[in-house]
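The lines below spell out each chain.
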Amino acid sequence: MTRLSPRNALRRAAGLLAAAGLLAVVPLAGAAAPARADEPPVFTLGGPAETSLHPYRAGGGPKPSRLGITVTAPSGEEGTGFAGRFTLTFDLSGVAGVADVAFDGAASGAETSDGGASGGGALGAGASGGGTAPDCEVTGAKAVCVGTGVRPGTHPVAALVVTAAAGGERGDSGAITVTGEAEGAAFTPFTARVTVGGPDLVMEELPFRTELVPGDRQQAPITFANRGAGDAEGVLLTLRYTRGLDIPQRYSNCRYSEDDPGPSGVGRTTALCTVEGAFEAGEAYTLATPLTIEATERAYRDTFLYRIEEAGPPRPAPAAFERGDGAVLRAVPVTGPQNRAAGRTADPTPHDNQREADFRTENTADFAAYGDRVSGARGATVTADVGFRNVGPAWIGHLRSGEDVALVDFTVPRGASVVAKPDRCRAVTAAGEHREDQRSPAPRYLCPTSPAVHDGEGLDLPFALRIEEVLIGAEGEVTVRAPSARNPALPFDPAPANNTARLVLNAGDDGDGPSTPPTSDPGPDASPSGAPATSAPGGGAAGASGGSDSGTGSGHGGGLASTGSDALTVAGAAAVALAAGLALVAAARRRTSRHS
């Protein structure tokens, strides 16, 4: 660790290191303001507004506290991140004589011969998502870090290790100010206050039952302790749980948000509960009434996060949060040996503020593939809608690994070639092997899901096919399976028979219709599970179109029911005209034959 005192200049600082798990719950300093298309993006620097320090112990050395700094960039439709260079400046003059500060470089840079640390850290690809690691220089009581690239959302950018300065006294307080600047972007500054002898809140881990069945309920008597040297005036309790769990109580001093599932398709409920009162040093507290955690009918693999921190000054409620209408959530002192033991435990670290529990619920999800039936003359381009639905009851998510839940394996019918495909799909050989050429038509396509698929959702995959040769009843295959071809079975799916459907070209009057999306399809207003995009390899679609209308899909699995190509829309109109013309010709011929 490279030490940095505001009273002593160091030549180098460690690269910025993310405080893992500490700041991944909610932005602690609000959300970044959305930017209009003609305005530069605005990034918000944040973190805990107050950090307490253990008093300096003569002969025993200081006990460290960690201060995590985050950056929030506009996400969704409001922003796409920032790829340019930026500069962050840490002004440490406000804590001179109060605290000593070090950038934690244990995991982000190696010690150099001059006592500094090599560059590296959280603003690079490991934490901010695609930028280069920043280069930091320290001069006196100022650290300047230069980096490249910030991705949308809220992400850790620095982990500061802060200790009380020798000779300081209880109650000493100071501030660290963080500012940023970049050409083409703006930063909202952040100020973190540190106080010697303040509170240190620690969340106790609950002994949950983690193997469940749908409908199981269990109590969550959330308990926390103040192991610092000062009282906390009010606390903020954060609860965050995934789609398969529910907490029926909705307290009036809590704000709730159903998170937009976004590209990952996870979706979580977040509750921010402000609990008033004086929470004294050395004491432990529990909720006056335990929470109830329920595994719902859609539970499968779920997580529950619970976190405690000092409330600090009032913050405006995010727009997406709504206040509960139930009773007031309260915390009361714990009595007995548990409280006395909690008061003797020490060593504050950020992970003590937060606990997580993983639950496995015995449940199933039925993934049902669907195909299509389209017709067209030779040379025409038709749109075929294929995919699958999760008929439920469970949602499926790989939250820890981030792996795709499943993929759709589509084999193109004989006599047709693909001229436009969804972006998520990649071309492979007929045997399913890797194919270098992704632009020219291929005999087979693999289309992965995201790491989560909600109940009632899935993937809608429109393919534009050119009819090269009219083969009556030519069939392609649509299969939803596990990502591994060696182990294609879906372990959660109790009905593998409907994992495969057909795409039929020019079936004729006697052709059997293909399977269609299951009736549990929640419709076009449902949330997607992936990224909505398509591409046209080797050029756009051309010619006449037939079959289903790709512009009216349900939007599950990323809103992929729309091809995004005007050529397909024009081709659809041409198909209608062609079909009408052929009908008139056929009618005329029948009339001629009857009168001859």
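Residues numbered from 1 in each chain as written. Predicted model: local features only at pLDDT ≥ 70, side-chain atom pairs only at ≥ 80, totals over all residues. Heavy atoms only, no water.

Colleague: I keep staring at the pairing of strand S15 (residues 223–226) and nothing clicks. Help me out?
Modeller: In regular strands, side chains alternate between the two faces of the sheet. Going residue by residue along S15, you find Thr223 and Ala225 tucked away on one face and Phe224 and Asn226 tucked away on the opposite face as well. Pairing of strand S12 (residues 201–203) with S15 involves three bridges; the strand directions are antiparallel. Looking at S15, one finds that Val202 is bridged to Ala225. Here three bridges tie S15 to strand S20 (residues 284–287), and the two strands are oriented antiparallel to one another. What sits directly across from Thr223, in S20, is Thr286. (Buried < 20%, exposed > 50% of the residue type's maximum accessible area, 1.4 Å probe, protein only. Helix = DSSP H or I, 4+ residues; strand = E, 2+ residues; numbered from the N terminus. Pairing = 2+ DSSP bridges.)

Colleague: Could you clarify how one ought to interpret the pairing of strand S19 (residues 268–279) in this entry?
Modeller: Alignment of strand S16 (residues 232–242) against S19, held across 10 bridges, turns out to be antiparallel. Note that in S19 the partner of Ala232 across the bridge is Phe279.

Colleague: I tried to follow the sheet that holds strand S30 (residues 407–411) on my own but got confused; where do I start?
Modeller: Hydrogen bonding along the main chain pairs the strands of a sheet, whether they run parallel or antiparallel. The mixed open sheet is built from six strands, whose spatial order is S27-S37-S36-S30-S33-S32. Two strands bound the open sheet, and with one partner strand each, they are strand S27 (372–374) and strand S32 (426–428). Across the sheet, the axes of successive neighbouring strands diverge by a mean angle of 20°, strand direction being ignored. Note that S30 and strand S36 (residues 474–481) share five bridges and pair antiparallel. The residue bridging Asp409 from the neighbouring strand is Thr479, located in S36. (Axes fitted to C-alpha atoms, helices over the stretch in contact; angles between N-to-C directions.)

Colleague: I keep staring at the state of the cysteines and nothing clicks. Help me out?
Modeller: Joining two cysteines, a disulfide is a covalent bond between their sulfur atoms. A full pass over the atoms with the stated rule returns two disulfides. The residue that forms a disulfide with Cys254 is Cys273, at a sulfur-sulfur distance of 2.0 Å. Between Cys254 and Cys273 the sulfur-sulfur dihedral comes to about 110°; the bridge is accordingly right-handed. Here the residue Cys254 occupies a position in strand S18 (residues 254–258), and Cys273 occupies one in strand S19, the gap between them amounting to 19 residues. Neither residue differs from the other here; Cys254 and Cys273 are each classed as buried. Here Cys425 engages in a disulfide with Cys447; their sulfurs sit 2.0 Å apart. The chirality of the disulfide connecting Cys425 with Cys447 is right-handed, given an S-S dihedral of about 110°. With Cys425 in the loop between strand S31 (416–422) and S32 and Cys447 in strand S33 (residues 444–448), the pair connects residues that are 22 residues apart, well separated along the chain. We note that Cys425, like Cys447, is buried. (Disulfide = S-S within 2.5 Å.)

Colleague: Looking at this structure, how should I read the nonpolar core?
Modeller: Within soluble globular proteins, side chains that are nonpolar tend to cluster in buried spots. Phe367, Ile396, Tyr445, Leu461, Phe463, Leu465 and Phe492 are the most contacted members of the largest nonpolar core, which totals 38 residues. Listing elements by their share of this core, those giving two or more residues are strand S26 (365–370), strand S28 (381–393), S30, S31, S33, strand S35 (458–467), S36 and strand S37 (500–505). If one sorts the elements of this core by residue count, S35 sits on top with five residues. Not counting chain neighbours up to four residues away, the residues in contact with Tyr445 comprise Val408, Asp409, Phe410, Val412, Val418, Lys421, Arg426, Ala427, Val428, Ser440 and Phe463. Among the nonpolar cores identified, the runner-up in size contains 36 residues, and Leu88, Phe90, Ala158 and Val178 belong to it. (Core = buried A, V, L, I, M, F, W, Y, C linked by side-chain atoms within 4.5 Å. Contact = heavy atoms within 4.5 Å.)

Colleague: What's the story with the sheet that holds strand S21 (residues 291–295) in this structure? I'm lost.
Modeller: Taken in spatial order, the three strands make up an open sheet running S14-S21-S17, and their pairing is antiparallel. Both edges of this open sheet fall to strand S14 (217–220) and strand S17 (245–246), since each of them pairs with a single strand only. Of the pairings in the sheet, the one linking S14 to S21 comprises four bridges and is antiparallel in character. Following the sheet pairing, Arg217 is matched in S21 by Glu294.

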